[in-house]
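Residues per chain are reported as follows:
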Amino acid sequence: MTLRKKLAVSTIAASVALTAFAGIPLSNKGLAEKLGLSGVAYASSLEGSQLATDVEKLYDALVATGGLPKVEALQDALDALAIHVKGDIVAPIVDKFQPNTAEEAQLENLFYDAVSLSYNPSVAGLEALRVEHGALLQSFATEAGVTDLTVDDIALYFFDIQEELVAQVGAKDLAGLLDIMTNSSSVQQLLRDVLAALPESEYNVEKIFLYYGVSTNDVLSVLTEARTAVNNDSTFTAAAGALFTAYKSLNTTGGGVGGGGVIVTPTAPLPETTDKLLNDLKTALDKATEAEKAALITKFVTDATAEITKLATISAASNVSNVNGKAVLQLDESNLLSTIAGIDAVAAKVKELAPGSAVEKTALKFDLGAVTLKDVVLNLPDAVVKAAAAGNVSGATFVIGGFEVTVPVGGSFSSAISLAINKTDASAEVVGTLKSVSEVYDFNLTVGGVAKTTFDQPIVISIPLGDTTGLNKELLSVAKIVDGKLVFHGGRVSGNSIIESRDSFSSYVVVENKVSFTDIAKVEAWAGREIQVVAAKGAIEGKSEGKFVPQDKVTRAEFAKMLIRALDLENGSATEAFADVDAADWFAPYVAAAAQLKIINGRSASKFDPNATITRAEMATMIARALKVSKGAVDVTDVDAALKGFADASKINATLKDGVAFAATHKIVIGNAGKFLPKNNATRAEAAVIIYRALNFDK
């Protein structure tokens, strides 16, 4: 049995570890012949090497197929992780090498850089690995009995695996690849198949892996931890899909890796307008002087934004059919794939030419026109969902008269999507004595044919309002119908609609929710209106029937609920790891949502302290963080200047100063007689006022 069969060295191990090793061109024996480059020697730099050429080809393919922004987004997410988190991610591999203290940090950096580089390959990255880590790697290779680790050894192994991997995966469609990337058993089977197909020979690289005992499971652990740390699975899926698409677009005519005649073709034809825009730009840049190019690029960024907006705005009335009394939307898959390819290509070109003007992801907007039927079924084909998730598309907005719903792509929404909407009149049996201003909307969602009632990204609904004459719009709330009762979830009134983000689906209606309390007379002048509005939104409740108890102190758990509910940040799939928060606790979902969004921290690593009172400084900080998430607020530039008016500024905990400065600057939390009183506990009345101000915050 050969070393190859003794050790389950995975193709993913090649992308993690061998990408780094392949950046050490130490000699030129043998590989030139393998690549058909007899007489060409590897220099001490990658410049001009076949390895560099192949990396450059892949880079060009990523640009041409619109995949570059996706791999760069993952690289950025990985780069942004804290140093200690990076060390934890690569520990399964690093620990096998048993490095001393001096070597450990360098090995961690090496393997972490290799993880990042495997998703965003570049010549510069390979060269940096060679320069920074070459000597250390050779020392470990020598220990393993490989006294002269050459680029031939590594590239031979790397290219053999790469060729076989592309051959096997190339027979799959994108859906098949994404299944492999998200299904551990599929990954393991692919690894076994690729290794079994390799020629019967022993590789020096395998000797190193075998010597140090690096296994497939170790490498998979690294990748799993990396995905967990980034906390955005769709980012990884998009990068994997982009790399696969780029590899498939590389059609070589020279017989394998290192061949010539690379032809790069997009996976779907570009729309004519997009093709013309990009070709016109290329022609203009080719003829322009250096002085003229800047103006051309500036104009292109403007034209690119307009092109993406035009592509993303789709008239879909002709795609709606009456099927057994239901308005069913069936979209043209090929046209949509072309549209997505166009958006991706334009966004990639903007990123290439003007990185500071990178185009944000956009939602496809489908206008179904006037639909009179009460039942509507919205369908997004599987290939479209996957292409959108892997590209520069954030989701799909469906406009049906005055009603709108935006469905994200990626995460929980990674397969064919079908959303059924049924409208019925709001009867007294449903709303009781409350006044309704909308019909009852009932939603049913399936993803990949499986019913979904909760999801990890919110679906945003915009419900048109009916006659609001004589009603107070501030007291309007989206109410979820649960077992015949109404549960109020708030919503943001905008014009003649109310907008609400939902992390679960049921039946909803919009009502005026007047809530009255008999014990708020003493705070009526400065908090009465605020208490009524926040209570109407379901963000704060009385302590008993008709009793608000305005002077009671607010607990950390209570404020977490107020904030998450009021600012529409609920996430039923969020989890937390605090020892003193039980999943059955009424406040658990709100604490989990706040913790996941980094709006709130525990009092220690393992304790949240839910029943402890909250201080004014803590409350200000939570508000600031929440508004950054929900409304795109930004930190105060000069914190010291913002706090200098408070005589007790020195008493504000250093970790809370940014939040206090923000809240004070925007008059969300106001001081008293020249003091902020950061350590004072907030009352329920004060909390209601602060939440009300947050609801009305406008950056």
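Here's a quick rundown of the structure. The structure displayed is predicted, hence computed values, not measured ones.

Quick notes on the rules
Residues numbered from 1 in each chain as written. Predicted model: local features only at pLDDT ≥ 70, side-chain atom pairs only at ≥ 80, totals over all residues. Heavy atoms only, no water. Salt bridge = Lys/Arg side-chain N within 4 Å of Asp/Glu carboxyl O. Buried < 20%, exposed > 50% of the residue type's maximum accessible area, 1.4 Å probe, protein only. Helix = DSSP H or I, 4+ residues; strand = E, 2+ residues; numbered from the N terminus. Expected span 1.5 Å × (residues − 1). Contact = heavy atoms within 4.5 Å. Pairing = 2+ DSSP bridges. Axes fitted to C-alpha atoms, helices over the stretch in contact; angles between N-to-C directions. Phe/Tyr/Trp six-rings, centres within 6.5 Å; stacked < 30°, edge-to-face > 60°. Polar contact = N/O pair within 3.5 Å; in protein donor to acceptor, adjacent residues only side chain to side chain.

Notes on the pattern of salt bridges
- Tallying each qualifying case throughout the model produces 22 salt bridges.
- Residue Asp609 is joined to Arg603 by a salt bridge in which the shortest nitrogen-to-oxygen separation is 3.4 Å.
- The partly exposed category is assigned to Arg603, whose relative accessible area is 40%.
- Overlapping salt bridges bring together Glu500, Arg502, Asp503, Arg565 and Glu570 as one network.

So, helix α16 (residues 290-312)
- End to end, α16 covers 33 Å across 23 residues, agreeing with the expected 33 Å (1.5 Å per residue, within 8%).
- Each element contacted by the buried residues of α16 is listed here: α15 (272-287), β1 (313-315), α17 (333-353) and β4 (362-367).

Some details on the sheet that holds β4
- In spatial order, the strands read β1-β4-β6-β7-β12-β16-β15; together these 7 strands make up an open sheet with mixed pairing. Each edge of the sheet is formed by a strand with only one pairing partner; in this case those strands are β1 and β15 (492-494). Strand-to-strand twist in this sheet, taken as the mean axis angle between neighbours without regard to direction, amounts to 20°.
- Pairing geometry for β15 and strand β16 (residues 497-504), over 3 bridges, is antiparallel. Residue pairing across strands places Arg492 opposite Ile499, the latter belonging to β16.

Some remarks on the packing of aromatic side chains
- If you walk through the whole model with that rule in mind, you get 13 aromatic pairs.
- With a centroid separation of 5.4 Å and an interplanar angle of 20°, the aromatic rings of Phe366 and Phe398 are classed as stacked. Here Phe366 is found in strand β4, whereas its partner Phe398 is found in strand β6 (residues 393-400), with 32 residues between them in sequence.
- Members of the aromatic cluster, connected to one another through ring pairs, are Phe403, Phe413, Tyr441, Phe443, Phe455, Phe505 and Tyr508.

As for the pairing of strand β17 (residues 507-512)
- Extensive coverage of β17 is indicated by the burial of 6 of its 6 residues.
- Here β17 shows no split at all, with Ser507, Val509 and Val511 on one side and Tyr508, Val510 and Glu512 on the other all buried.
- Pairing between strand β9 (residues 435-436) and β17: 2 bridges, direction antiparallel. Each residue of the ladder has a partner; that of Ser436, found in β17, is Val511.
- Inspection of the sheet shows strand β10 (residues 440-447) paired to β17 by 2 bridges, in the antiparallel sense. If you follow Tyr441 over to β17, its bridge partner there is Tyr508.
- Pairing of strand β13 (residues 476-482) with β17, which is carried by 6 bridges, proceeds in the antiparallel orientation. Residue pairing for β17: Ser477 is matched across the bridge by Val511.

Description of the side chain of Glu500
- Along the chain, the position of Glu500 falls in strand β16.
- Within the local environment of Glu500, its side chain forms a polar contact with the side chain of Arg502, the two groups lying 3.3 Å apart.
- In contact with Glu500, not counting residues within four places along its chain, are Ile459, Val460, Ile461, Val478, His489, Gly490, Gly491 and Asp568.

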